[in-house]
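Each chain, letter by letter, is given below.
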Amino acid sequence: MSSLALYRRYRPESFAEVIGQEHVTDPLQQALRNNRVNHAYLFSGPRGCGKTTSARILARCLNCEQGPTPTPCGECQSCRDLARNGPGSIDVIEIDAASHGGVDDARDLREKAFFGPASSRYKIYIIDEAHMVTSAGFNALLKVVEEPPEHLKFIFATTEPEKVIGTIRSRTHHYPFRLVPPGTLREYLAEVCGKENSPVEDGVLPLVVRAGAGSVRDSMSVMDQLLAGAGDDGVTYAMATALLGYTDGSLLDSIVDAFASGDGAAAFEVVDRVIEGGNDPRRFVADLLERLRDLVILAAVPDAGEKGLIDAPADVVERMQAQASVFGAAELSRAADLVNEGLTEMRGATSPRLQVELICARVLLPAAFDDERSLQARLDRLERGASFATAGTGPGMGYVPGPEALAHAPAPVAPAVQPGAGPAAARAAVRGEAPAPAAPPAPAAAPPAPAQPTAPAAAAAAAPQPPAGAPAPAGGQRPGAWPTAAAPESGRRPGGWPTASAPGRSPAPQAAPAQAQQPSAAPAPAAEPNPGMTQGAGQVRNMWPDILEAVKNRRRFTWILLSQNAQVTGFDGTTLQIGFLNAGARDNFASSGSEDVLKQALAERFNAQWKIEAIVDPSGGAGAPPQTGGGRPAAAPPVAQRPAPAPQQQYEPRTAAAPAQQPSSAPAAEPAPPSYSAPEPPRPVAPEDDIPEADDPDLVDSALSGHDLIVRELGATVVEEFTNE
């Protein structure tokens, strides 16, 4: 095989073989057909795009014995001399202006130019790198270029036509050459590799075209280098990426996936692999910008690969289509802008790795910026999260943290999943067929009601009993009511700071035989409680401090309203029920836009799309604790139907049942340690009864409060007063 460079072995010998320059070759061929050839030409354009080659082809066409013709015969002496590996012609003189651009060289050329050609039709001067000719040299050539003899032709080739003085440019026909399109260049390289009998993998040619940057000579040089180092299996993709210094596609896929999922750990791991692998950080960022550009194009034009807008193999295009589908348009645009800005900042950077990591951090944190692009990116994430949430089925589509999310607190014992719990129980509750849990221990003075078992109740009585230490399910709730998980002991006083207690963390009451318990009335047939809904409400209570913190970062008014007046009262997987101390606080929450603020905080912090239902709950969120025993809850003994107790009775403390009320034969279970010490809340009082008597000794009308109290006790001074309208 010849040791001649690849770009020299395949240099075109006619205008038909020149690729990507039809806007130049077609007019030149037509001028040759019309025999209207000018005396001077100026070919300009980037390096390696065919300027000097076209000048040689034009000289060959002019001096062909059958010419001037657009298709040289290739058989005459002039054509053979000017062929690809020919010796050259004495009448075609090539001058390198980089070393012969002075005024003395111009004078010597002018003196020799008036001599006629030795054996050809024209004497042709090809002046390469014409921009290197000095002003004095151009001025010395001005007269001969303006009025040359009939046998004299000039062809100037340059990459910087603006440096050629205007008096010379105005006397020439200027043909600007352009970079060769990637598709055309890739097909040409594939044809050359076929002629060289060298197999090349699909992903190699796009890398060679990219390395050549549209220059045919540069691309041929890179291809020649790869072919020289290829083995028996030809040029592989791994070999090309390693030799050319490009980033492997797997690294780009990994970091794009990390951006899509917001996984900072994965993104920084990719950066570490890039640095530890010896790759150039700037080249990695440039390759990442190229990948993001392709994703932006694919997001806007799904069939960009078929239309030729993206130069990549079919499998790579398919993989990029999957990546573009998980991004929003604003996210992709913002990421590309940030990477582009970071690439500019990396020029002269002392720590390229730090720059790459900062770029990744900016892309991953749109919430850290308040510009329009970042807001649009955050909206894209919210919409993507909503689409993911709606893709699920059943009421459990909302986000409920698992045990790993509550690792900071002792995990409660999970209740056994009962048949009919979950979606079925939720639907039954909506229809008014909610299961009635057993009531708390009745006072000793209350006599037990006579038992009147029914068929369903008898079946429930035959169910397995829980351990002695397991607390009985709380009762006193109306059918279909929202389950509550906080025991009265763990409740907070109205207006106090919110607390988060895990389900089952409240002190467990002492166990008593089922015969000594007086259950509350329940609709027949009796059903088992729904531990799934109660567990969900308890877990949301554990999340409540984090939810409040997220709301605080968005709007302090909503944070104050929720932290001092609201608590979680129920959650069924899709709807979050919040109880307010009074109707005024609830109406203020609904009319002030605070509901939207809470939804946004839930979506951003927990990726949860929940409905919000605000109710009035004077108890401050206190209620019966959920079932925390390891076995099935104890079935309520069959009792006669009684009128439902008053609503106030369901908020009575569970401590009303004293140990003395238990039979001595029943072993007492040790109480569970309390999660925190909180004062026992006062017994609820009806508003109509909360009126002091006229002779109440504790009633003092002269007490100070508000502004007067602060002035007297703290010595405060009013600086400025605002009136809220």
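Starting from 1, residues in each chain are numbered consecutively following that chain's sequence as written. Totals for whole chains, interfaces and linings use every residue, but because this is a predicted model, local features are given only for residues with pLDDT of at least 70 and side-chain atom pairs only at 80 or more, for both listing and counting. Side-chain metrics rest on all non-hydrogen atoms present in the structure, leaving aside hydrogens and water.

Undergrad: I'm lost on the nonpolar core in this one. Help?
TA: One broad rule of soluble globular proteins: the nonpolar side chains tend to lie buried together. Ranked by internal contacts, the top residues of the largest apolar core, which has 37 residues, are I255, F259, F284, V285, L288, L292 and V339. Of all the secondary-structure elements, those providing two or more residues to this core are α12 (249–261), α13 (264–276), α14 (281–300), α16 (314–325), α17 (329–345) and α18 (352–364). Note on contacts: a residue pair is in contact if any heavy atoms of the two residues lie within 4.5 Å. Contact partners of F284, with chain neighbours within four places excluded, come to T247, L252, I255, V270, V274 and V356. Here, nonpolar core refers to any group of buried Ala, Val, Leu, Ile, Met, Phe, Trp, Tyr and Cys residues whose side-chain atoms link them within 4.5 Å. A 1.4 Å probe rolled over the protein chains alone gives each residue an accessible area, and that area as a share of the maximum for its type sets the label: buried under 20%, exposed over 50%, partly exposed in between. In this structure, W559, A585, V597 and L598 belong to the second largest nonpolar core, which totals 26 residues. Only DSSP runs of H or I reaching four residues or more are called helices, and only runs of E reaching two or more are called strands; each is numbered from the N terminus.

Undergrad: Mind showing me how you'd approach the pattern of salt bridges here?
TA: Side-chain pairing between opposite charges can occur once the charged atoms of the two side chains come close. Here, a salt bridge means any Lys or Arg side-chain nitrogen found within 4 Å of an Asp or Glu carboxyl oxygen. One pass over the full model with this rule turns up 23 salt bridges. Across the salt bridge formed by D311 and R186, the nearest N and O atoms sit 2.1 Å from each other. Taken together, the residues D311 in the loop between α15 (304–307) and α16 and R186 in helix α8 (residues 182–195) connect sequence positions 125 residues apart. Residue class for D311 comes out partly exposed when judged on its relative accessible area of 29%. A residue is classified by how much of its surface remains accessible, and R186, at 27% relative accessible area, is partly exposed. The closest approach of N and O atoms between R291 and D253, which form a salt bridge, is 2.6 Å. Taken together, the residues span a long stretch of sequence, with R291 in helix α14 and D253 in helix α12 at a distance of 38 residues. Each member of the pair R291 and D253 is classed as buried. Through salt bridges with shared partners, one network takes in D272, E276, R353 and E357.

Undergrad: Could you clarify how one ought to interpret the sheet that holds strand β8 (residues 611–616) in this entry?
TA: The strands making up a sheet associate through backbone hydrogen bonding, with each pair oriented either parallel or antiparallel. One open sheet accounts for 3 strands, arranged β6-β7-β8; its pairing is mixed. Looking at the sheet topology across the chains shown, the edges are occupied by β6 (566–571) and β8. Pairwise comparison of adjacent strand axes, ignoring direction, gives a mean angle of 30° for this sheet. With 5 bridges joining them, β6 and strand β7 (residues 575–580) adopt antiparallel strand pairing. Across the sheet, residue F571 finds its bridge partner in β7, namely L576. Strands β7 and β8 of the sheet are contacted by helix α24 (residues 583–591), whose axis makes an angle of about 155° with β8. One requirement defines pairing of two strands: DSSP has to find at least two bridges between them. Think of each axis as a best-fit line through the C-alpha atoms, taken over the contacting stretch in the case of a helix, with angles from 0 to 180 degrees between the N-to-C directions.

Undergrad: Can you help me understand the pairing of strand β3 (residues 123–128) in this one?
TA: Along any regular strand, the residues point their side chains to alternate faces of the sheet. Of all the 6 residues making up β3, 5 are buried; the element is thus mostly covered by neighbouring parts of the structure. Where strand β2 (residues 92–96) lies against β3, 5 bridges are found, and the strand directions are parallel. Its bridge partner lying in β3, I93 is registered against Y125. Where the polypeptide runs from β2 across helix α5 (residues 103–113) and back to β3, its parallel neighbour, the crossover connection is right-handed. Relative to strand β4 (residues 152–158), β3 runs parallel, the two being bridged by 6 bridges. Paired with K123 across the bridge in β4 is L152. Think of it like this: strands point away, you trace from the first strand over the helix to the second, and a clockwise trace means the crossover is right-handed. A crossover connection joins β3 to the parallel β4 through helix α6 (residues 135–146); in handedness this β-α-β unit is right-handed.

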